[in-house]
Each structure stands twice: as C-alpha cells, then as structure tokens.
Amino acid sequence: MGRILLPELERVLLDESTIKQRVRELAEELSLDFKGKDVVLVGVLKGSFCFLADLARGMSIPLGIDFVACSSYGLESVSGGNLSITKDISGVVQGRELIIVEDIVDTGLTLRELTDFLSSKQPAGVHTVTLLDKPSRRRMIIDPDYVGFSIPDEFVVGYGLDYAERFRELPYIGVLRKEVYLR
C-alpha cells in the first residue's frame, strides 16, 4: 500500500513497512525490559501520536497512557530552545515507571527539560524512547534510552511529524524540500 510522493517532499526517508518493523522491535524490547513494572507511556503531543499508538498496541505488558504537550518550535523549522508545557499529564505517576514517547530528538533541549519536569513528579523512573534521533544537532548532552532510527540532519515530516501542522497523516517519513520551509 503505497502513496504518491507529494510535490513538497524531496524523497521518502523511511517507508511504512520499515517504520512498522522497527516499532514492533521497540515494543518487544520495552515489554521485556519493563515486564512486571507499573508503566505509563507519556506521549509528547502532537508529533508522537502515531508512534505512541503503534508502540502501545505492540507492547505485551499492561500499561497506562498519558500525554504532555509542549512546544519549542511553534511554526518554525528550527527549535527556539524555549520549552513551554501547554498540557501536563493528568494521571498519578508517583512511583510508576514513565516512558517518554517522542517523535524526534534533535537538539536535546526539549527532552532534557521534559525529563527534568517529569522527574519532579516523583516517578520510580523516567525513560525515553524516540522514533527518530538526530545526534548531529545535539546541543544538550542527552541520549534517548531507546531509538528507532538515527537520521541525518534533514527536515522530515510524516508519521506524526509536521511542518506548520501539515503532513502528519503520511504513513511514511519524508524529507521536506528546503524551498517549502525556507520561504
């Protein structure tokens, strides 16, 4: 089941079947590592919603799901580095294992601040899983605990990731043409 490449995209970086396979592997790994623990997946809205849904369905352990919303991009193509939490988690997390589910980690600033913020709620532990990692853009020393794919420094969209609230619905991850975001 393929879709036509949109004209705004340069190319497909990760196709649908490659993403599905890697998400299944991550779900199995997390299920083994957290078996017998009280786990809450904490999705970072909006970008992680596809990844979180597929990850949760693939896990074989009981778990809770909650969400936070934060922003460091706005409508820009580069993170401004100022994290604003616009939606806090709603459930009780004290004493539980939290797994932050991110769509992408680039500078590391958002993940560091979010990890610190959630740690203040006294969970048993805070762990991180990201679908995509751009280590070449790191400005903060932080490495996700679980990584789907390390990718080059390109602007990517699809599978939940957006540019100006577009392209989230794509079942693959594509590289956005520079002329689209450098207007």
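All values derive from a computational prediction rather than experimental measurement.

Visitor: Hey, could you run me through the sheet that holds strand 2 (residues 39-45) in this one?
Guide: Note on sheets: strands pair through backbone hydrogen bonds, and any given pair is parallel or antiparallel. If you trace the six strands from one edge of the open sheet to the other, you get 4-3-2-5-6-7, paired in mixed fashion. Every interior strand has two partners, whereas the edge strands, strand 4 (84-87) and strand 7 (146-150), have only one. Adjacent strand axes in the sheet meet at a mean angle of 30°, parallel and antiparallel pairs treated alike. The pairing of strand 6 (residues 125-133) with strand 7 spans four bridges and is parallel. Across the sheet, Thr-130 pairs through a bridge with Val-147, a residue of strand 7.

Visitor: What exactly am I supposed to notice about the nonpolar core here?
Guide: If you look at soluble globular proteins, the nonpolar side chains tend to sit buried side by side. Formed by 30 residues in total, the largest nonpolar core has its most connected members in Phe-51, Leu-55, Val-129 and Leu-132. Where this core is concerned, the elements lending two or more residues are helix 1 (16-33), strand 2, helix 2 (49-58), strand 5 (97-105), strand 6, strand 7 and strand 9 (173-176). Excluding its chain neighbours within four sequence positions, the residues that come into contact with Leu-55 are Val-23, Leu-26, Ala-27, Leu-30, Val-101 and Val-129. Core analysis: the next-biggest nonpolar cluster, separate from the first, contains 16 residues, Leu-83, Ile-89, Ile-100 and Leu-114 among them.

Visitor: Mind showing me how you'd approach helix 3 (residues 109-119) here?
Guide: A turn of α-helix holds 3.6 residues, and therefore any two residues three or four places apart point the same way. Inspection of helix 3 places Leu-109, Thr-110, Leu-111, Leu-114, Thr-115 and Leu-118 among the buried residues, and these make up the whole buried set. The inward-facing, buried residues of helix 3 abut strand 2, strand 3 (63-71), strand 4, strand 5 and strand 6.

Visitor: Explain the sheet that holds strand 8 (residues 156-157) to me, please; I cannot follow it from the model alone.
Guide: Spatially, the three strands line up as an open sheet ordered 1-9-8, and their pairing is antiparallel. Each edge of the open sheet is held by one strand with a lone partner, namely strand 1 (9-14) and strand 8. Direction of pairing for strand 8 relative to strand 9: antiparallel, over a ladder of two bridges. Bridge assignment links Val-156 to a residue of strand 9, and that residue is Val-175.

What counts as what
- Residues numbered from 1 in each chain as written.
- Predicted model: local features only at pLDDT ≥ 70, side-chain atom pairs only at ≥ 80, totals over all residues.
- Heavy atoms only, no water.
- Pairing = 2+ DSSP bridges.
- Helix = DSSP H or I, 4+ residues; strand = E, 2+ residues; numbered from the N terminus.
- Axes fitted to C-alpha atoms, helices over the stretch in contact; angles between N-to-C directions.
- Core = buried A, V, L, I, M, F, W, Y, C linked by side-chain atoms within 4.5 Å.
- Buried < 20%, exposed > 50% of the residue type's maximum accessible area, 1.4 Å probe, protein only.
- Contact = heavy atoms within 4.5 Å.

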